[in-house]
Amino acid sequence: MDYRARQALTLGLAVANLGPKLSSARCVRLGFAFRPTIPGPISALATAQVARDLHSVGPRDSLSQIQPNLPSWLTGAGIELGFSQVAFVRVGYLYETVARRGDVTWGRRART
């Protein structure tokens, strides 16, 4: 489901893997995308999201230390720049709470 509050702002909510016999993680995601109006051949898109597993992560055995079940949260944000609707570059950051780690993400694409 998504909702456009204005032409430049999109809000989204997704729930995935709700079937009774799925082995995949069930999760819910909430996010937004903001596309400001920029004159000329350059476009920009800023996004952010929060995702949560609907089940807890099992105990982890790390050097004989067992941690209690914890819900897994994933947060992220990023920006994408486009040039003449032909070439795009993006950079972002993702953080996962159970593993307590984050990482910079990046990418590029071109329309042919």
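Things to note about the overall build of the protein chain
And then number 1: Within the protein chain, the secondary structure is distributed over 0 helices and 9 strands.
And then number 2: Its helices and strands taken in sequence order, the protein chain reads β-β-β-β-β-β-β-β-β from the N to the C terminus.
And then number 3: In the protein chain, buried positions account for 16% of the 112 residues.
And then number 4: The contacts of the protein chain with a sequence gap of at least 6 include a subset with a gap of at least 24, amounting to 31%.
And then number 5: Within the structure as shown, the protein chain displays about 8500 Å² of accessible surface, and the carbon and sulfur contribution to it stands at 60%.

Re the confidence of the model for the protein chain
And then number 1: Mean pLDDT over the protein chain works out to 81, with 74% of the residues at or above the 70 mark.
And then number 2: Every residue in residues 60-66 is under pLDDT 50, and counting partners more than four places away or in other chains gives 6 contacts.

Structural notes on a nonpolar patch on the surface
And then number 1: A surface patch of nonpolar side chains, amounting to about 980 Å² of accessible area, comprises Ile38, Ile42, Ile79, Leu81, Phe83, Val89, Val91, Tyr93, Tyr95, Val104 and Trp106.
And then number 2: Listing elements by their share of the nonpolar patch, those giving two or more residues are β7 (70-83), β8 (87-96) and β9 (101-110).
And then number 3: The element contributing the most residues to the nonpolar patch is β8, with 4 residues.
And then number 4: Within the secondary structure, Ile38 is located in the loop between β3 (27-34) and β4 (42-57).

Regarding the side chain of Ser43
And then number 1: With respect to the helices and strands, Ser43 occurs in strand β4.
And then number 2: The buried category is assigned to Ser43, whose relative accessible area is 13%.
And then number 3: Sequence-distant contacts of Ser43, that is, excluding residues within four places in its chain, are made with Ile38, Glu80, Leu81, Gly82, Gln85 and Phe88.

A short note on the pattern of salt bridges
And then number 1: Under the counting rule described, the total for this entry stands at 1 salt bridge.
And then number 2: Of the charged contacts, one joins Arg109 and Glu80 as a salt bridge, the two residues approaching to 4.0 Å between their closest N and O atoms. Of this pair, Arg109 sits in strand β9 while Glu80 is found in strand β7, placing the two residues 29 residues apart along the sequence.

Topic: the packing of aromatic side chains
And then number 1: Scanning all chains against the criterion turns up 0 aromatic pairs.
And then number 2: The side chain of Arg109 reaches across the aromatic face of Phe88, ending 4.1 Å from its centre.

Here we look at the pairing of β8
And then number 1: Bridge analysis of β8 against β9 gives 10 bridges, and the strand direction is antiparallel. Across the sheet, the residue bridging to Val89 is Arg108, located in β9.
And then number 2: The turn joining β8 and β9, which pair antiparallel and follow one another in sequence, is formed by 4 residues; a positive phi near 50° is taken by Arg100.

Comments concerning unusual backbone geometry
And then number 1: Here the phi dihedral of Ser84 falls at roughly 55°; this positive angle occurs in a residue that is not glycine.
And then number 2: Tracing the backbone through its elements, the reader meets Ser84 in the loop between β7 and β8.
And then number 3: Given a relative accessible area of 47%, Ser84 falls into the partly exposed group.
And then number 4: The phi torsion at Gln85 lies on the positive side, around 55°, for a residue other than glycine.

About the thresholds
- Residues numbered from 1 in each chain as written.
- Predicted model: local features only at pLDDT ≥ 70, side-chain atom pairs only at ≥ 80, totals over all residues.
- Heavy atoms only, no water.
- Helix = DSSP H or I, 4+ residues; strand = E, 2+ residues; numbered from the N terminus.
- Buried < 20%, exposed > 50% of the residue type's maximum accessible area, 1.4 Å probe, protein only.
- Contact = heavy atoms within 4.5 Å.
- Areas by Shrake-Rupley, 256 points an atom, 1.4 Å probe, with all protein chains shown as cover.
- pLDDT = per-residue confidence, 0-100.
- Patch = residues over 30% accessible without salt bridge, like charges linked within 9 Å, V, L, I, M, F, W, Y side chains within 5 Å.
- Salt bridge = Lys/Arg side-chain N within 4 Å of Asp/Glu carboxyl O.
- Phe/Tyr/Trp six-rings, centres within 6.5 Å; stacked < 30°, edge-to-face > 60°.
- Lys NZ or Arg CZ within 6 Å of the ring centre and 35° of its normal.
- Pairing = 2+ DSSP bridges.

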